[in-house]
Amino acid sequence: MKGDNFVFGMIGLGTMGRSLLLNMADHGFNVAGHDKDQTKVTALEKEAAKGNVKGFLSVNEFVESLKTPRAIMMLVPAGKIVDSVIEELTPLLDAGDLIIDGGNSHFTDTNRRVEILKGKGLHFFGMGISGGEEGARKGPSMMPGGDMEAYRVVQPIFEAVAAKVNGEPCVTYIGPGASGHFVKMVHNGIEYGIMQLIAETYEMMKKGLNLPDDEIYAAFKKWSEGKLQSFLIDITRDILAFRENGSDHLLLNDIKDEARSKGTGKWTSQVAMDLQAPLTVIDTAVSMRDLSKYKSLRTKVAGIYKDPVSRGKVEISLSNLEDALYFSTIVAYAQGMHLLSLASKEFSYNLRMDRIALIWRGGCIIRSVFLEDIYQAYKADSSLEHLLIDGRVQQKVNGLLPATRSVLGLSVASGIAMPAHAAALSYLDSLRSERMPSNLIQAQRDFFGAHTYERIGKEGVFHTQWFAK
């Protein structure tokens, strides 16, 4: 194909980069890809169904092949590699060209890169992409943030390749600066929380209810067709049915119980603490992944502290377990949305919460039928202070609470840990407490450190000499 014919370029032709580029080609866009690995360049062209895709080993030839203003996306590992690609790329570009970071970069790095490239006359924005390999190939959820004028250059491409729900593309302009990467980070935090909740539910079914694998599968299959319907429930159902060829048991039972992570859940918790946004479910999920890595220590402790003597089969109905999982999932979403609303004010992102819920309904890892409720809540009230205040959500939560309390009571009595579920319930119980015991904490702080306190019905700050010197 002749030069100056490609409307979009991709740097990084791994699974995600190649899949997204092929998705664009399927929608009729002439696209180019670059990678330093010849096998990946070859794989791109080999997989292309149409002839409107070309791979380049040379970055110079790749850049020269693109129409101006050039639109180039990077899908490379976050961190120093992103900076090195930018450093190599910028001397080859012209003022007005656009660089997009489609990886999971920390939003503070995106802020830094925006300012550096602005000084060179280049547009830069960070875009969160969710949906994994299948989403990239068939339709992801995308969260672009940065210069709106620059986004409009690529908007037709992104809207064409994004997942669709009711005909609406799961991509929208998020806001200025690093807002796109921030929203994707929170998406991943919610993902951590829901995955942990599902894992705890699975453990209760296996260890507490003593259900065989086929009955656990049947439960998740049923749930995947009801109020819990979501991508994560769907894949859990499929995992619970997967056996390797010739095997008489699930592959799941051969996988080590040591969970890994790439850090986005931790980033979400860290930022939330800076903004004083309580994310108890996500924080617990991060901690449980960390705890899972101490396998040898857990084995030692398991030999010291035995299960409760009275524990037999835990008498929990699958219906109650379903309600408890639904309740805790709602809280995980609510905490994430609360963080986004606080960050929107702190960083002047001007986030449209309804649009975020809208684009999460399809393509992304945390897509679920409940996101329609979230969308409707923020559509009805764009200034909604907290999702749990919404009338329809309130009605759902009140209906789920009895089962949730029952499940967690039996969980504690049986010694089967459900920490993320417990964190969700304790969060709501604390949130609905008009008067928390924090007055005692203030008194303690004043006692040992003269940190002062405020009084009910009196203006000013106070300090008390709590003991005689």
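Residues numbered from 1 in each chain as written. Predicted model: local features only at pLDDT ≥ 70, side-chain atom pairs only at ≥ 80, totals over all residues. Heavy atoms only, no water.

### Structural notes on helix 18 (residues 419-431)
Turning to step 1, where the next piece is worked out: Over its 13 residues, helix 18 extends 18 Å from the first C-alpha to the last, a length consistent with the 18 Å expected when each residue adds 1.5 Å.
Turning to step 2, where the next piece is worked out: Of the positions making up helix 18, those classed as buried are Ala420, His421, Ala423, Ala424, Leu425, Tyr427, Leu428 and Asp429.
Turning to step 3, where the next piece is worked out: Against the buried residues of helix 18 lie helix 8 (179-208), helix 12 (280-292), helix 14 (318-346) and helix 17 (391-414). (Helix = DSSP H or I, 4+ residues; strand = E, 2+ residues; numbered from the N terminus. Expected span 1.5 Å × (residues − 1). Buried < 20%, exposed > 50% of the residue type's maximum accessible area, 1.4 Å probe, protein only. Contact = heavy atoms within 4.5 Å.)

### Points about the side chain of His421
Turning to step 1, where the next piece is worked out: Note on placement: His421 falls in helix 18.
Turning to step 2, where the next piece is worked out: By relative accessible area, which is 1% here, His421 ends up buried.
Turning to step 3, where the next piece is worked out: In terms of polar contacts, His421 uses its side chain to reach the side chain of Thr201, at 3.1 Å.
Turning to step 4, where the next piece is worked out: Once you skip the residues sitting within four places of it in the chain, His421 turns out to touch Leu197, Glu200, Thr201, Ala324, Leu325, Ser328 and Leu408. (Polar contact = N/O pair within 3.5 Å; in protein donor to acceptor, adjacent residues only side chain to side chain.)

### Comments concerning the pattern of salt bridges
Turning to step 1, where the next piece is worked out: A complete count under the given rule lists 28 salt bridges for this structure.
Turning to step 2, where the next piece is worked out: Residue Asp323 pairs with Lys227 through a salt bridge whose shortest N-O separation is 2.4 Å. In this pair, Asp323 is assigned in helix 14 and Lys227 in the loop between helix 9 (213-223) and helix 10 (231-239), connecting sequence segments 96 residues apart.
Turning to step 3, where the next piece is worked out: Classification of Lys227 by relative accessible area gives partly exposed; the value is 32%.
Turning to step 4, where the next piece is worked out: Of the charged contacts in the structure, one is a salt bridge between Arg361 and Glu372, with a shortest N-O distance of 2.7 Å. Here Arg361 is found in the loop between helix 15 (353-360) and helix 16 (370-380), whereas its partner Glu372 is found in helix 16, with 11 residues between them in sequence. (Salt bridge = Lys/Arg side-chain N within 4 Å of Asp/Glu carboxyl O.)

### Notes on the pairing of strand 5 (residues 98-101)
Turning to step 1, where the next piece is worked out: Residues Leu98 and Ile100 of strand 5 are buried on one face, and the alternating residues Ile99 and Asp101, pointing to the opposite face, are buried as well.
Turning to step 2, where the next piece is worked out: Summarising the sheet, strand 4 (residues 71-74) and strand 5 pair through four bridges and their orientation is parallel. Bridging from a neighbouring strand, Met73 pairs with Ile100 of strand 5.
Turning to step 3, where the next piece is worked out: Following the chain from strand 4 across helix 4 (residues 80-89) to the adjacent parallel strand 5, one finds a crossover that is right-handed. (Pairing = 2+ DSSP bridges. Right-handed = clockwise from strand over helix to strand, strands pointing away.)

### Overview of the nonpolar core
Turning to step 1, where the next piece is worked out: Counting residues in hydrophobic clusters, the biggest one holds 86 residues, and the most contacted among them are Phe182, Phe327, Leu340, Trp360, Ile374 and Leu387.
Turning to step 2, where the next piece is worked out: Ranked by residue count, the leading element in this core is helix 14, at 14 residues.
Turning to step 3, where the next piece is worked out: Contact partners of Phe182, with chain neighbours within four places excluded, come to Phe107, Val271, Leu275, Leu339, Leu340, Ala343, Phe347 and Tyr349.
Turning to step 4, where the next piece is worked out: In this structure, Leu20, Leu22, Met24 and Tyr151 belong to the second largest nonpolar core, which totals 32 residues. (Core = buried A, V, L, I, M, F, W, Y, C linked by side-chain atoms within 4.5 Å.)

### Points about the environment of Thr464
Turning to step 1, where the next piece is worked out: Residue placement: Thr464 occurs in the segment after strand 11 (458-462).
Turning to step 2, where the next piece is worked out: The exposure class of Thr464 is partly exposed, given its relative accessible area of 25%.
Turning to step 3, where the next piece is worked out: As for Thr464 and Ala443, which are separated by 21 residues in sequence, their C-alpha atoms are 8.7 Å apart.
Turning to step 4, where the next piece is worked out: When residues no more than four places from it in sequence are discounted, the contact partners of Thr464 are Asp446 and Tyr453.
Turning to step 5, where the next piece is worked out: Of note is the side chain of Thr464, whose polar atom sits 2.4 Å from the side chain of Tyr453.

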